[in-house]
Amino acid sequence: MRTSRNLIVIFLFLRECSSFAPLANVQQRRTTATTTTRRLESPNGSSGNEEFVIESSDSGPNGASVHKLRFLSLPGQSSDVPEIEMETGRIARQAAGSVTLTRGESVVLSTAARDDKPKEEIDFLPLSVEHQERFSSAGLTSGSYNRRDGRPAEHEILVCRLIDRPIRPLIADGWRHETQLLSWVLSYDGVRSCDSLAITAAATALYLSDVPLSKPVAAAQVGLSEDGSQFLLNPTHKEMETSQLNLIVAGTEDAVLMIEGAADFLPEDQMVKAVKFGHDAIQTLCRGIAALGDTVGATKNYSTIKEKPAGLQQRVDEEFTQKVDAMYAMGGSKKAQGEVMSALSKGVVEQLSEEFPEDTVAIKGAFKDLLCRRMFKRAQDTGLRADGRQATDIRMIDVEAGFLPRVHGSALFTRGETQALATATLGDSGMRQKIDTIGGTSEKRFYLQYTFPPSSVGETGRVGAPGRREVGHGNLAERALIPILPTEKDFPYTIRVESLITESHGSSSMASVCGGCLALMDAGVPVKTNVAGIAMGMLLGDKEGVSDENAVILSDISGTEDALGTMDFKVAGNREGITTFQLDIKCEGLTLETMERALAQAREGRLKILDKMEEVLESPRETLPDTVPKMLTFKVPFESIGKIIGPGGKQIRAIIEDHELV
């Protein structure tokens, strides 16, 4: 009886186990991965190391295909930096493209989505970018009232701009689908910055979608060792504390698309080497992303892009080339030339609308193309720009300092038709700016706030909280001034600089650098040196390609040259080196040779601006203005501290009140 009962139990157990067999087979099938390895030859022709590995499996939800790209090495990166892994197919599968990027214990998720129907009535690329550093990624909770991650912080806004700027030029001209890139830091190890990861992940998500992004885009961060002997790829926060360089580079395998960062008076030749160092790693990343795209089978949607009507560009050129050339030849002010350009823009639509009905957007695009080409042709043939200047000429500069009586420090910096009214305010530690991030709470002893009212360009509009452009321009000018500030030990004040743009016709952020430096000196802040900023431009015959030897480099670009040119390269520094830089491109990339030319020309212009500034204020005021709260520092014996504070702080409060201390 007992034997038969045991047999029944064994039979039931085996039957239950057999019911799990199909599930076991599914699990085994899902974890089976086929690996594709791409090997590249080193530059000298010998067999090189593996750059990356792509693994494909059906391990996703419900057996979905998952593709993983793993970079085994990056040129110039130390061995202690964790590998970068990109995965697609497991998370956010309903987006047009999605990527989860992992490095060590930091994880970034990026998605790309687009509307089904294009907005044919608009004449610009409707691309938006959002980036969120979730407090939960570092085991924290937001300090807001409802403990929910809310409106983007300043750093998140800056990362949004970093993602947008290298991607936008490579999306096919004429793409009018509302397109959105979303990025989240899901896990943060606190060791290295995730900014370059966010750029790479977002660009890869877009590349894997059907949005017509022509090439893979990637980014890298570059620092400099404490002794300045070697560059550091994707350095740690600790290494960055002693680094004289903080550089973000983004680009394709062929060329650089964007650079952003700050330096401690870095020479121009070192700057170019740093960019090349970062671009070497970007090339490897782009090759891997391209291979991942081939594996996934990403296809691009060009079907909704309207081709320019046949003969339209020829008709615009025939009717308006001479008129455009005459407009450029007249030169004149922003208003005068702008009125003529506006009249021509309306005229071309009116004249050709019957011949090309329902193609108003295309007509405007063809006219803008003509404006760009004729501006380049004029500069190349005659050496003259749209406003009559030579390529290296700086607009007339006018400087005033100390003209606001109750302000601690003030300056009015005017360059051409761009004007910045800068003020400096000094205070105690209570005036510091408090910042809550996934890296913890921190305080800024120095900060610059930039305001761009619509009246600065003769318009009306929204006034209130700063927009993304204002945040970005303010941060750029702030970075330019940080290296010249005295240490807190030497000057224990909190410093706030405000830049109010009262007129704008190009490069108001660099005017903020010049005005901010003068305001600091007017306030008596013992800055180490003067700094100035300049915006460089570039004109190309073919905006669809990479910069070449025919590129015309322009110094101190106007708003018109910014709008119609192919480069906006802002550089600030002193006579010895660079303190901040920002590069945006509208073509498919900038070669290092062109960048070297632009930096050399920017230095010449920067020195001219410094000469003009020093004619008015060569060094800081020797004494602080009477309106500045005076700060005295002295040491109290340890045994006397209790007497000064008093019971419950009664004594210290009385001292503050009686002597009107702050």
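Residues numbered from 1 in each chain as written. Predicted model: local features only at pLDDT ≥ 70, side-chain atom pairs only at ≥ 80, totals over all residues. Heavy atoms only, no water.

Draft legend 1. Quick look at the environment of methionine 510. Within the secondary structure, methionine 510 sits in helix 11 (residues 508-522). You can call methionine 510 buried: its relative accessible area is 0%. Once the C-alpha coordinates of methionine 510 and leucine 370 are considered, the two residues, 140 residues apart in sequence, prove to be 29 Å apart. When neighbours within four sequence positions are excluded, methionine 510 is seen to be in contact with Arg415, Leu476, Gly533, Ile534, Ala535, Lys570, Val571 and Ala572. (Helix = DSSP H or I, 4+ residues; strand = E, 2+ residues; numbered from the N terminus. Buried < 20%, exposed > 50% of the residue type's maximum accessible area, 1.4 Å probe, protein only. Contact = heavy atoms within 4.5 Å.)

Draft legend 2. Spatial organisation of the packing of aromatic side chains. All told, the structure shown has 5 aromatic pairs when counted by the stated rule. Ring centres 6.5 Å apart and planes at 15° place the aromatic pair tyrosine 450 and phenylalanine 452 in the stacked group. A cation over an aromatic ring shows up here: lysine 323 above the ring of phenylalanine 320, its NZ or CZ 4.7 Å from the ring centre. (Phe/Tyr/Trp six-rings, centres within 6.5 Å; stacked < 30°, edge-to-face > 60°. Lys NZ or Arg CZ within 6 Å of the ring centre and 35° of its normal.)

Draft legend 3. Focus on the confidence of the model for the protein. Looking at the protein as a whole, its pLDDT mean stands at 90, while 92% of the residues score no less than 70. Residue range residues 7-14 is modelled with pLDDT below 50. Its contacts to residues more than four positions away, or to other chains, number 0 contacts. Scored below 50 in pLDDT, residues 38-47 shows 13 contacts in the model against residues more than four places distant or in partner chains. (pLDDT = per-residue confidence, 0-100.)

Draft legend 4. Representation of the nonpolar core within the structure. One finds Leu245, Leu247, Ile259, Met567 and Phe569 to be the most contacted residues of the largest nonpolar core, which totals 135 residues. Considering each element in turn, this core owes the most residues, 12 residues, to helix 6 (residues 268-296). Sequence-distant contacts of methionine 567, that is, excluding residues within four places in its chain, are made with Met536, Gly537, Met538, Ile553, Ile557, Leu583, Asp584, Ile585, Leu590 and Ala598. Of all hydrophobic cores here, the second largest spans 28 residues; its members include Tyr328, Met341, Leu370 and Cys372. (Core = buried A, V, L, I, M, F, W, Y, C linked by side-chain atoms within 4.5 Å.)

Draft legend 5. Here's a closer look at helix 8 (residues 334-352). Across its 19 residues, helix 8 extends 27 Å between first and last C-alpha, which sits within 8% of the 27 Å expected from 1.5 Å per residue. The elements touched by buried residues of helix 8 are helix 7 (312-330), helix 9 (360-382) and helix 12 (559-564). (Expected span 1.5 Å × (residues − 1).)

Draft legend 6. Summary view of the pairing of strand 15 (residues 418-427). For strand 15, a buried count of 9 out of 10 residues is recorded, marking the element as mostly surrounded by other parts of the structure. In the sheet, strand 14 (residues 409-415) pairs with strand 15 via 7 bridges, with the strands oriented antiparallel. Note that in strand 15 the partner of serine 410 across the bridge is threonine 423. One ladder, built from 9 bridges, connects strand 15 with strand 19 (residues 494-503); its direction is antiparallel. Across the sheet, the residue bridging to glycine 427 is threonine 494, located in strand 19. (Pairing = 2+ DSSP bridges.)

Draft legend 7. Inspection of the state of the cysteines at higher detail. Scanning the model with the defined rule gives 0 disulfides in all. With no disulfide of its own, cysteine 194 lies 14 Å from the sulfur of cysteine 160, the closest cysteine sulfur. Cysteine 194 gets classed as buried once you look at its relative accessible area, which sits at 6%. (Disulfide = S-S within 2.5 Å.)

Draft legend 8. Representation of the sheet that holds strand 9 (residues 218-224) within the structure. Read across the open sheet, the 8 strands follow the order 10-9-11-12-23-22-20-21; overall the sheet is antiparallel. For this open sheet the edge positions go to strand 10 (231-233) and strand 21 (552-555), each flanked by a neighbour on one side alone. On average, each strand axis in the sheet is inclined to that of its neighbour by 20°, with strand direction left out of account. Relative to strand 11 (residues 245-251), strand 9 is paired through 6 bridges, and the arrangement is antiparallel. Bridge assignment links alanine 220 to a residue of strand 11, and that residue is valine 249. Taken strand by strand, helix 6 contacts strand 9, strand 10, strand 11, strand 12 (256-266) and strand 23 (578-585), and its axis lies near 145° from that of strand 9. Packed onto the sheet, helix 11 meets strand 20 (532-539) and strand 22 (567-573) and runs at close to 160° relative to strand 20. (Axes fitted to C-alpha atoms, helices over the stretch in contact; angles between N-to-C directions.)

Draft legend 9. Spatial organisation of the sheet that holds strand 15. Taken together, the 5 strands give an open sheet; going across it, the order is 13-14-15-19-18, and neighbouring strands pair in mixed fashion. Looking along the sheet, the strands with just one partner apiece sit at the ends: strand 13 (397-401) and strand 18 (446-451). Ignoring which end each strand starts from, the neighbouring axes of this sheet average 15° apart. Along the sheet face, helix 13 (residues 592-616) touches strand 13 and strand 14 and points at about 35° away from the line of strand 13.

Draft legend 10. Highlighting the packing of helix 3 (residues 154-167) against helix 4 (residues 195-208). Contact geometry of helix 3 with helix 4 gives a least axis separation of 9 Å together with a crossing angle of 45°. The pairing of helix 3 with helix 4 is recorded here as oblique in orientation. For the crossing formed where helix 3 meets helix 4, the hand is right-handed. Seen from helix 3, the contacting residues are His155, Val159, Leu162, Ile163, Pro166 and Ile167; seen from helix 4, they are Asp195, Ala198, Ile199, Ala202, Ala203 and Leu206. (Parallel < 35°, antiparallel > 145°, perpendicular 65-115°, else oblique. Left-handed = near helix turned anticlockwise from the far one by under 90°.)

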